[in-house]
Amino acid sequence: MSQAPKKSIPKKAVISSTTEGGPMEGILAQWRRERPDIDPAPMAVCGEVWRAGEKLRQGVLDNISNYNLDFAGMDVLFTLRRQGKGETLSPSLLAKDMMLSTSAMTNRLDRLEKRGLIERMMDPNDRRGQMVALTDDGFHLANEMVVTHVKKEEAMLSNLSDEERQHLRHLLAKID
């Protein structure tokens, strides 16, 4: 009994399994080979933006993990800190500023209040409303964190000149 010849499976380029993904030019070449009817160039631009975004996000998360906070908690503290010492925001204004639902904001505020970083108080202009402010501990933590946060971001952007940073901001703002 004769056996059918074994079909050889063509070897394809192995894509790295790192969090950064495979080399973009290799990915584009594969798409051009497999789908010559489409231009994969937009995939490369989006892919590089996503990769850069993930690197930046991970760097920020690494920094704030030193404070036993997540990105959500940092975002609330920084939003309140930008208002100035002793200033308040309503939970709905906080949510709007951070592009969140009010229920998501409530969960964030609950966690920060348990840690003693924020306090809720009655809105003097609306008996049904609340206002949120940083406690002294929250204010001091936000002040410390913003310094390390900016240092971390500076380190991640250190390969870009000031002119390149401005140009990048301008380009990214054009994405629709």
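Here's a quick rundown of the structure. (Residues numbered from 1 in each chain as written. Predicted model: local features only at pLDDT ≥ 70, side-chain atom pairs only at ≥ 80, totals over all residues. Heavy atoms only, no water.)

What to know about the pairing of strand 1 (residues 118-123)
Bridge count between strand 1 and strand 2 (residues 126-134): 6 bridges; the pairing is antiparallel. Directly across from Arg120, in strand 2, lies its bridge partner Val132. Counting the residues between successive antiparallel strands, the hairpin from strand 1 to strand 2 contains 2 residues. (Pairing = 2+ DSSP bridges. Helix = DSSP H or I, 4+ residues; strand = E, 2+ residues; numbered from the N terminus.)

With respect to a nonpolar patch on the surface
A cluster of nonpolar side chains, Val45, Val49, Trp50, Leu168, Leu172 and Ile175, forms an exposed patch at the surface whose accessible area comes to about 600 Å². At the level of elements, helix 2 (41-65) and helix 7 (162-173) are the ones that each hand at least two residues to the nonpolar patch. With 3 residues, the top contributor of residues to the nonpolar patch is helix 2. (Patch = residues over 30% accessible without salt bridge, like charges linked within 9 Å, V, L, I, M, F, W, Y side chains within 5 Å. Areas by Shrake-Rupley, 256 points an atom, 1.4 Å probe, with all protein chains shown as cover. Salt bridge = Lys/Arg side-chain N within 4 Å of Asp/Glu carboxyl O.)

Looking at the nonpolar core
In this structure, Leu77, Leu80, Leu94, Ile118 and Met145 are the most contacted members of the largest nonpolar core, which totals 24 residues. The element best represented in this core is helix 3 (residues 71-81), accounting for 5 residues. What Leu94 contacts, discounting residues up to four positions off in sequence, is Thr79, Leu80, Leu89, Met105, Leu109 and Val132. (Core = buried A, V, L, I, M, F, W, Y, C linked by side-chain atoms within 4.5 Å. Buried < 20%, exposed > 50% of the residue type's maximum accessible area, 1.4 Å probe, protein only. Contact = heavy atoms within 4.5 Å.)

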